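So you can see what is in the structure, the chains are spelled out below.
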Amino acid sequence: MDHAGHVLAQRQVADKSDEIPAFQPLLDSIDLTGTVITADALHTQHAHGTYLRTRGAHYIAQVKANHPGLFDRVRRLPWREITLDHHDRTRAHHRLETGG
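What counts, and where the lines are drawn
Residues numbered from 1 in each chain as written. Predicted model: local features only at pLDDT ≥ 70, side-chain atom pairs only at ≥ 80, totals over all residues. Heavy atoms only, no water. pLDDT = per-residue confidence, 0-100. Helix = DSSP H or I, 4+ residues; strand = E, 2+ residues; numbered from the N terminus. Buried < 20%, exposed > 50% of the residue type's maximum accessible area, 1.4 Å probe, protein only. Arc of directions from axis to C-beta. Contact = heavy atoms within 4.5 Å.

Points about the confidence of the model for the protein chain
For any part of a model where pLDDT is low, the fine detail of the predicted coordinates should not be relied upon.
Reasoning step 1: Per-residue confidence for the protein chain gives a mean pLDDT of 89; residues scoring 70 or more make up 98%.
Reasoning step 2: For the protein chain, the element scoring lowest by mean pLDDT is strand S4 (residues 95-99), at 74; helix H2 (residues 46-54) scores highest, at 95.

Considering H2
Reasoning step 1: Looking only at H2, the buried set comprises His48, Gly49, Tyr51 and Leu52. The buried residues of H2 occupy an angular sector of 160 degrees when projected down its axis, which confines them to one face. When the buried face of H2 is taken as reference, the exposed residues oriented beyond 90 degrees from it are His46 and Thr54.
Reasoning step 2: Among the structural elements, helix H1 (23-27), strand S1 (36-38) and strand S2 (58-60) are those in contact with the buried residues of H2.
Reasoning step 3: Looking at the residues trailing H2, positive phi occurs at Gly56, about 85 degrees.

Here it is in structure tokens:
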């Protein structure tokens, strides 16, 4: 979807599969140059990141504890040194969310 809510592409996910194998074929039909791609944590995959960068896209990857090495590296970044222009704390998706 784009920011206006228009669906840019759709792809049927095979039975007894998940979204991972459908990721690249779905995006192959879209010009990704200079775009920012967001996806859920399932798509925090090395191959997906490499694919997006070769297509000229930027991406926001959600990192969870099921990627322990990456999770630990991200956790140790100097987050307190980063200033936010905006801070919002809401309840959504059955959890407390903080955004900037």
